[in-house]
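Examining the three-dimensional arrangement
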Amino acid sequence: QVQLVESGGGLVQAGGSLRLSCAASGRTSFSTYHMGWFRQAPGKEREFVVAISTSGSTTYYSNSVKGRFTTSRDNAKNTMYLQMNNLKPEDTAVYYCAASYSYTGLINRGSAAYWGQGTQVTVSS
């Protein structure tokens, strides 16, 4: 069993920045999981944000965040990060991290073995 805990959310003005973290614990071999960030705004479906491969060498971003968000991971610390810059009100959502055995499954179907509980990000205009 793997537990994922997100942190770093909060309230920020448009144009500001936040850095989210996703810490993994439990019976985990963190480096064997592809990781991803998803978000869900009120009244909307969950949306894919970004995926990162097991080694961190490959990333894939949604068009809505490309050029503004950057993901990374530190396998020695069992932690993944999401640096969010130039935030917009439409980025307001609960952000979830996910661990998956399949990189393409994560991107195409949101298929994940484990999910975090989410952290709220609110961007004011």
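This text follows the structure it describes.
Attention here is on the structure that accompanies the text. (Residues numbered from 1 in each chain as written. Predicted model: local features only at pLDDT ≥ 70, side-chain atom pairs only at ≥ 80, totals over all residues. Heavy atoms only, no water.)

**Let's talk about the overall build of the chain**
Counting secondary structure elements, the chain contains 1 helix and 11 strands. Reading the helices (α) and strands (β) of the chain from amino to carboxyl end gives β-β-β-β-β-β-β-β-β-α-β-β. For 125 residues, the compact-globule estimate of 2.2 N^0.38 gives 14 Å, and the C-alpha radius of gyration of the chain, at 13 Å, lies within 12% of that figure. If one aligns the C-alpha atoms of the chain with their principal axes, the spans along those axes are about 40 × 25 × 25 Å. Taking contacts inside the chain between residues at least 6 apart in sequence as the whole, the part at least 24 apart equals 57%. Here the chain has roughly 6200 Å² of accessible surface; of this, 45% comes from carbon and sulfur atoms. Separation of charge centres in the chain, based on 11 positive and 6 negative side chains, amounts to 6 Å. (Helix = DSSP H or I, 4+ residues; strand = E, 2+ residues; numbered from the N terminus. Rg over C-alpha atoms; globule rule 2.2 N^0.38 Å. Contact = heavy atoms within 4.5 Å. Areas by Shrake-Rupley, 256 points an atom, 1.4 Å probe, with all protein chains shown as cover. Lys, Arg positive; Asp, Glu negative; His and termini not counted. Charge placed at Lys NZ, Arg CZ, Asp CG, Glu CD.)

**Regarding the state of the cysteines**
In total, this model carries 1 disulfide according to the counting rule given. Shown here is the disulfide that connects Cys22 with Cys97, its sulfur atoms set 2.1 Å apart. Residues Cys22 and Cys97 share a disulfide whose torsion about the S-S bond is about 65°; that sign makes it right-handed. Separated by 75 residues along the polypeptide, Cys22 in strand S3 (residues 18-26) and Cys97 in strand S9 (residues 93-100) bring together distant segments of the chain. Here the two residues Cys22 and Cys97 agree in accessibility, since each one is buried. (Disulfide = S-S within 2.5 Å. Buried < 20%, exposed > 50% of the residue type's maximum accessible area, 1.4 Å probe, protein only.)

**Re the packing of aromatic side chains**
Here the structure, examined in full by the defined rule, presents 5 aromatic pairs. With centroids separated by 5.6 Å and ring planes inclined at 75°, the aromatic side chains of Phe38 and Phe48 adopt a geometry described as edge-to-face. Residue Phe38 is found in strand S4 (residues 34-40), and its partner Phe48 is found in strand S5 (residues 47-52); the two are separated by 10 residues along the sequence. On the basis of relative accessibility, which here comes to 14%, the residue Phe48 falls in the buried class. Put simply, the rings of Phe38, Phe48, Tyr60 and Trp115 pair up and form one aromatic cluster. Geometry around Phe30 places Arg73 over its ring, the cationic atom sitting 4.5 Å from the centre. (Phe/Tyr/Trp six-rings, centres within 6.5 Å; stacked < 30°, edge-to-face > 60°. Lys NZ or Arg CZ within 6 Å of the ring centre and 35° of its normal.)

**Looking at the sheet that holds strand S7 (residues 69-74)**
The antiparallel open sheet is built from 4 strands, whose spatial order is S1-S3-S8-S7. Every interior strand has two partners, whereas the edge strands, strand S1 (2-7) and S7, have only one. Ignoring which end each strand starts from, the neighbouring axes of this sheet average 15° apart. By the bridge criterion, 6 bridges tie S1 to S3 in an arrangement that is antiparallel. Paired with Ser7 across the strands is Ser21, a residue of S3. (Pairing = 2+ DSSP bridges. Axes fitted to C-alpha atoms, helices over the stretch in contact; angles between N-to-C directions.)

**So, the environment of Leu87**
Here Leu87 is to be found in the loop between strand S8 (79-84) and S9. Among the residues examined, Leu87 registers a relative accessible area of 1% and is labelled buried. When neighbours within four sequence positions are excluded, Leu87 is seen to be in contact with Val12, Ala14, Gly15, Gly16, Ser17, Leu18, Arg68, Phe69 and Val123.

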